[in-house]
Amino acid sequence: MAARHIYKVIFQSRDQLYEIYAHKISQSALFGFIEIEELSFGERSRVVVDPGAEKLAAEFESVKRTYIPLHAVVRIDEVSREGTGKVTKVKGEGATVLPMYTPPDKGGQG
């Protein structure tokens with residue numbers, strides 16, 4: 001059996017930085033988005049409770065597939081093993097969001 005790919009995706013939403021793990025990532029049919037499927041939250045320990053990991057698992061609990069805007073993605077890595085996803089608050093003034101590309105109007109104006 002072929003080894004399954006594991007991707008670590010880091011993206012920003014509002015004033016929070018998300019780190020999630022997934023087995024499938026692709027360019028979405030929705031322009032300007034990436035499609036993330038088969039989210040993985042790793043082994044949960046009953047001894048140590050990580051509030052960031054618990055918040056992430058609760059937020060994506062019933063999500064089959066999610067679409068993330070390209071301009072929100074900070075980094076995508078293919079990793080050898082799955083880590084623990086987390087949500088952290090962005091410190092300071094936050095990252096600058098770049099404007100999204102919009103194709104020129106086909107009506108002659110562009």
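Per chain, residues are indexed from 1 in the order of the written sequence. Note on the predicted model: pLDDT of at least 70 is required for a residue's local features to be given, and 80 or more for side-chain atom pairs to be given and counted; whole-chain, interface and lining totals, by contrast, use all residues. In computing side-chain properties, one takes all heavy atoms of the structure into account and sets aside hydrogens as well as water.

(A) Quick peek at the side chain of Lys8. Secondary structure follows DSSP: runs of H or I at least 4 residues long count as helices, runs of E at least 2 residues long count as strands, and numbering of each begins at the N terminus. Positionally, Lys8 belongs in strand S1 (residues 6-13). One buried charged residue, Lys8, forms no salt bridge at all, with the nearest opposite charge on Asp77 at 4.2 Å. Throughout, a residue-residue contact means that at least one pair of heavy atoms, one from each residue, lies within 4.5 Å. In this view, Lys8 contacts Glu19, Ile20, Tyr21, Arg75, Ile76, Asp77 and Val79; residues no more than four positions away in its chain are not counted. When a residue's accessible area, from a 1.4 Å probe over protein chains only, is under 20% of the maximum for its type it is buried; when over 50% it is exposed; and in between it is partly exposed. Under this rule, positive means Lys or Arg and negative means Asp or Glu; His and the chain ends count for nothing. Salt-bridge detection follows one rule: a side-chain nitrogen of Lys or Arg within 4 Å of a carboxyl oxygen of Asp or Glu.

(B) Region of the structure containing the packing of aromatic side chains. Stacked, tilted and edge-to-face are the three classes assigned to paired rings of Phe, Tyr and Trp, where Trp is represented by its six-membered ring and a pair needs centres within 6.5 Å; plane angles under 30 degrees give stacked, over 60 edge-to-face, the rest tilted. Scanning the entire structure with this criterion turns up 2 aromatic pairs. With 4.9 Å between their ring centres and 5° between their planes, Phe11 and Tyr18 make a pair best called stacked. A single burial state applies to Phe11 and to Tyr18, both of which are buried. An aromatic cluster is defined as three or more aromatic residues linked by ring pairs; in this entry it consists of Phe11, Tyr18 and Phe60.

(C) Region of interest: the pattern of salt bridges. Within this structure, the stated rule accounts for 5 salt bridges. A salt bridge links Glu38 to Arg4; the shortest N-O distance between them is 2.1 Å. Note that Glu38 is positioned in strand S3 (residues 33-40) and Arg4 in the segment before S1, a separation of 34 residues in sequence. Judged by relative accessible area, Glu38 falls into the partly exposed class, the value being 33%. Salt-bridge contacts for Lys89 lead to Asp15; the nearest nitrogen and oxygen are separated by 2.5 Å. Of the two residues, Lys89 sits in strand S6 (residues 86-89) while Asp15 sits in the loop between S1 and strand S2 (16-27), which places them 74 residues apart along the sequence. Since its relative accessible area comes to 56%, Lys89 is described here as exposed. Taking the relative accessible area as the measure of exposure, Asp15 reaches 36% and is therefore partly exposed. Ionic contacts of the salt-bridge type, sharing partners, join the residues Glu35, Glu37 and Arg65 into one network.

(D) Layout of the environment of Phe41. If you trace the backbone, Phe41 turns up in the loop between S3 and helix H1 (51-59). Beyond its immediate stretch of four places on either side in the chain, Phe41 contacts Leu56, Ala57, Phe60 and Glu82.

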